[in-house]
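Coordinates in review
So the chains spell out like this:
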Amino acid sequence: MPRKYLLIICDGLGDLPIPELGGKTPLEAAKTPNLDRLAKNGSTGLMYPLGPGRRPNSDEAHLVIFGYNLATDYPGRGPIEATGVGIKLQEGDIAIRANLAAVDNDLRVIDRRAGRIEDCTPFVKDLDGIKIDGIEFIAKPGTGHRLALVMRGKGLSDKITNSDVHYVTENQIVENWEGQKVNIPQPTDNSPEACFTAEVLQKFLVKAHEILSANPLNQGREMKANYILTRGPGYYRQLKSFKEKYGLSAACIAGAGLYKGLGAMTGMEVLPVAGATGLPNTNVAAKIQKAREAMAEFDFIFVHIKPTDIYGENGDILGKKAFIEKIDAALDTLEDTKAVIAITADHATPCLLKDHSADPVPVLIYGPNVFADGVEKFGESECREGSLGTFNGQDFMKIFLSC
Ligand code: ZN
């Protein structure tokens, strides 16, 4: 049987010592007999996902861990999210993240999330398929107030600013956005493509405002879902698939849209799992079970587990520790699959920082022919002593696939 690879990324798993846990991290403090056994019988180490001193975003870190080059392969967040909600992008599409927002009659933003609208589907369906100046707009609902917007046609550019009042660009953030007038997208270079794209997008936003304002569902709403705030535009280029890059058929098991998008973009087949939500209520056991089954058909299986990051961002120390124990429970008898197994994180999300950090993350690689380095437990401190040493995310696939 050809070798099978299972990569489990626990988002934001890495952490820092916490006084409340006796100076241990949540991973070190958690009872994790399965992770510890895999670590003991495998090789361990630490990884800087984007290299030392860099605080990763999840999407960038995943692409680098998968062996892609950010400088040439990173399409921006828009295309990844659009792929994640099921839009089949074509070369040259501009994909944009968007929110349904509430504005007043002067287009001043009252709420960036339209009162945290729970399902934007009934609003977004009226915007899908609109054509302006030869450009088609594809709009699909994401989670809650979020949607993905794609501009398809000739002569487009992603060098434009956002209509979002909070993020003028991804690097220019306005904190006191309440009551600010929506931004009009502007070109950020002098190309005719950027000017054209900004102009057509603005026409769409005006039209969308008219259509949304007339939606009967808005009549009873205090926070009317009547404007589209755009951000994170990206130009879509086809990436080399896992099959082309590594000769491996690959599958992706994830709950949250961003990670399904990453999987789909890298040519993985995104496998649906009932109860995989990308939220703390996600069914970890069902995802691992799906991974076990998928090995019959695929060579490489990527499993993404999100809640470790959510607990870290909420500063919920005990919640993070308890969730790690839940992950561990799902890994019972994982060795029986005979797969080469890697378990790691895309970045640390220390509970005391409530944010991503530049700290290295623990890695374990277990397999029938992998050196057992005798590290007794899967934890940040223990992995520092492991045989893989400390390496950068860009080397991960080389190490993993050589096992
Ligand atoms: Zn992450």
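Since we're looking at a predicted model, the values are computed, not measured.

Below, the discussion takes up helix α7 (residues 192–213). The terminal C-alpha atoms of α7, which comprises 22 residues, lie 32 Å apart, in line with the 32 Å expected from a rise of 1.5 Å per residue. Among all positions of α7, only Ala 194, Thr 197, Ala 198, Val 200, Leu 201, Gln 202, Phe 204, Leu 205, Ala 208, His 209 and Leu 212 are buried. Where the residues of α7 are buried, they touch β3 (94–103), α6 (121–124), β5 (131–132), β6 (135–141), β7 (146–152) and β10 (227–235).

Attention shifts here to empty space enclosed by the protein. One way to see where empty space is left: roll a probe the size of a water molecule over the atoms. For the coordinates displayed, the defined rule picks out one cavity of 30 Å³ or more. Looking at the largest cavity, its volume works out to about 40 Å³. Looking at the lining of the largest cavity residue by residue, the class counts come to seven nonpolar, no polar and no charged.

Our focus in this paragraph is the nonpolar core. If you look at the biggest cluster of nonpolar residues, it comprises 85 residues, and the most contacted ones within it are Leu 7, Ile 8, Phe 300, Ile 301, Ile 343, Phe 396 and Phe 400. Built from parts of two domains, this core gets at least three residues from each of domain 1 (5–74 + 238–401) and domain 2 (80–235). In contact with Phe 300, other than residues within four places in its own chain, are Tyr 5, Leu 7, Phe 242, Leu 248, Ser 249, Ala 250, Ala 251, Met 268, Met 397 and Phe 400. Formed by 37 residues, the second largest nonpolar core is a distinct cluster that contains Ile 135, Leu 156, Val 165 and Ile 228.

This next bit is on the side chain of Asn 99. Relative to the helices and strands, Asn 99 resides in strand β3. Look at Asn 99 and you get buried, because its relative accessible area is 10%. Within the structure, Asn 99 has its side chain in polar contact with the backbone oxygen of Arg 112 (distance 3.2 Å). Once residues within four sequence positions are removed from consideration, Asn 99 is found in contact with Arg 112, Arg 113, His 145, Arg 146, Leu 147, Tyr 227, Ile 228 and Leu 229.

For the rest of this paragraph, the subject is the domain arrangement of the protein chain. Along its sequence, the protein chain is carved into domain 1 (5–74 + 238–401) and domain 2 (80–235). On a C-alpha basis, the centres of domain 1 and domain 2 stand 33 Å from each other. Each partner contributes residues to the interface: domain 1 has 10 residues there, and domain 2 has five residues. Carbon and sulfur atoms make up 74% of the area that domain 1 and domain 2 hide from each other, which totals about 600 Å². Of all residues in domain 1, Gln 238, Leu 258 and Met 265 give up the largest surface area on contact with domain 2, accounting jointly for 54% of the area buried on that side. The tally of links between domain 1 and domain 2 comes to zero salt bridges. At the junction of domain 1 with domain 2, the criterion picks out one residue pair in polar contact (both at pLDDT 80 or more). With seven residues, the top contributor of residues to the side of domain 1 that touches domain 2 is helix α9 (residues 257–265). For the side of domain 1 that touches domain 2, the residue count by class is five nonpolar, three polar and two charged.

Our next topic: the sheet that holds strand β14 (residues 340–344). The sheet built from eight strands is open, its strands ordered β12-β11-β13-β1-β14-β15-β2-β16 with mixed pairing. At either margin of the open sheet sits one strand with a lone partner, and together these are β12 (269–270) and β16 (389–392). Two elements, strand β11 (residues 250–253) and strand β13 (residues 300–305), share four bridges in a ladder whose sense is parallel. From the neighbouring strand, Cys 252 faces β13, where its bridge partner is Phe 302. The strands that helix α3 (residues 58–65) touches are β1 (5–10), β2 (43–48) and β13; relative to β1, the one it contacts most, it runs at about 160°.

What follows is about the state of the cysteines. Counting across every chain of the model gives zero disulfides. The thiol sulfur of Cys 252 is not disulfide-bonded, and the nearest other cysteine sulfur, from Cys 10, lies at 14 Å. In this structure Cys 252 comes out as buried when scored by relative accessible area, which is 0%. Just so you know, Cys 383 is unpaired, no disulfide at all, and the nearest cysteine sulfur is the one on Cys 10, 12 Å from it. For Cys 383, a relative accessible area of 0% puts it in the buried group.

For the zinc ion, the full set of protein donor atoms is Asp 11 (OD), Asp 11 (OD), Ser 58 (OG), Asp 346 (OD) and His 347 (NE2), and the range of their distances to it is 2.0 to 2.8 Å. Mapped onto the sequence, the residues coordinating the zinc ion show the spacing D-x46-S-x287-D-H. Note that Asp 11 is positioned in the loop between β1 and α1 (26–29) and Asp 346 in the loop between β14 and β15 (361–366), a separation of 335 residues in sequence. Considered together, Asp 11 and Asp 346 belong to a single accessibility category, that of buried residues.

Definitions and cut-offs
Residue positions are given per chain, counted from 1 along the sequence in the order it is written. The predicted nature of this model means local features are confined to residues of pLDDT at least 70 and side-chain atom pairs, given and counted, to a pLDDT of 80 or more, with totals for whole chains, interfaces and linings taken over all residues. Note: side-chain values were computed over all heavy atoms of the structure, leaving out hydrogens and water. Only DSSP runs of H or I with at least four residues qualify as helices, and only runs of E with at least two residues qualify as strands; both kinds are numbered from the N terminus onward. Given a helix with a known number of residues, its expected span is that number minus one, times 1.5 Å. Relative accessibility under 20% of the residue-type maximum defines a buried residue, over 50% an exposed one, and the middle range a partly exposed one, all with a 1.4 Å probe and only protein chains included. Throughout, a residue-residue contact means that at least one pair of heavy atoms, one from each residue, lies within 4.5 Å. Only protein atoms enter the calculation, which uses a 1 Å grid: trapped sets of points that fit a 1.4 Å probe without letting it out are cavities, open sets showing protein on both sides within 12 Å along at least five of seven lines are pockets, and any residue with an atom within 4 Å of a point is a lining residue. Grid points are joined across faces, edges and corners, and a volume is the space filled by probe spheres set on the points. For this classification, Asp, Glu, Lys and Arg are treated as charged, while Ala, Val, Leu, Ile, Met, Phe, Trp, Tyr, Cys and Pro are nonpolar and the rest, including Gly, are polar. Buried residues of nine kinds, namely Ala, Val, Leu, Ile, Met, Phe, Trp, Tyr and Cys, make up a nonpolar core once their side-chain atoms join them within 4.5 Å. Residue ranges for the domains trace back to a domain assignment, done automatically or taken from a database. Two N or O atoms count as a polar contact when they lie within 3.5 Å, although within protein this holds only if one can serve as hydrogen donor and the other as acceptor, and sequence-adjacent residues are included solely when both atoms are side-chain atoms. By definition, the buried area sums, over both parts, the 1.4 Å-probe accessible area that each loses when the two are put together. Between Lys or Arg on one side and Asp or Glu on the other, a salt bridge is scored when a side-chain nitrogen of the former is within 4 Å of a carboxyl oxygen of the latter. DSSP calls a pair of strands paired once it identifies at least 2 bridges connecting them. Orientation is described by lines fitted to C-alpha atoms, with helices fitted over the stretch in contact, and by angles between N-to-C directions that extend from 0 to 180 degrees. The term disulfide is used for any two cysteine sulfur atoms that are within 2.5 Å. Sites may look incomplete, because water is not among the atoms used; the donor set itself consists of N, O and S atoms within 2.8 Å of the metal (3.2 Å for Na, K and Ca).

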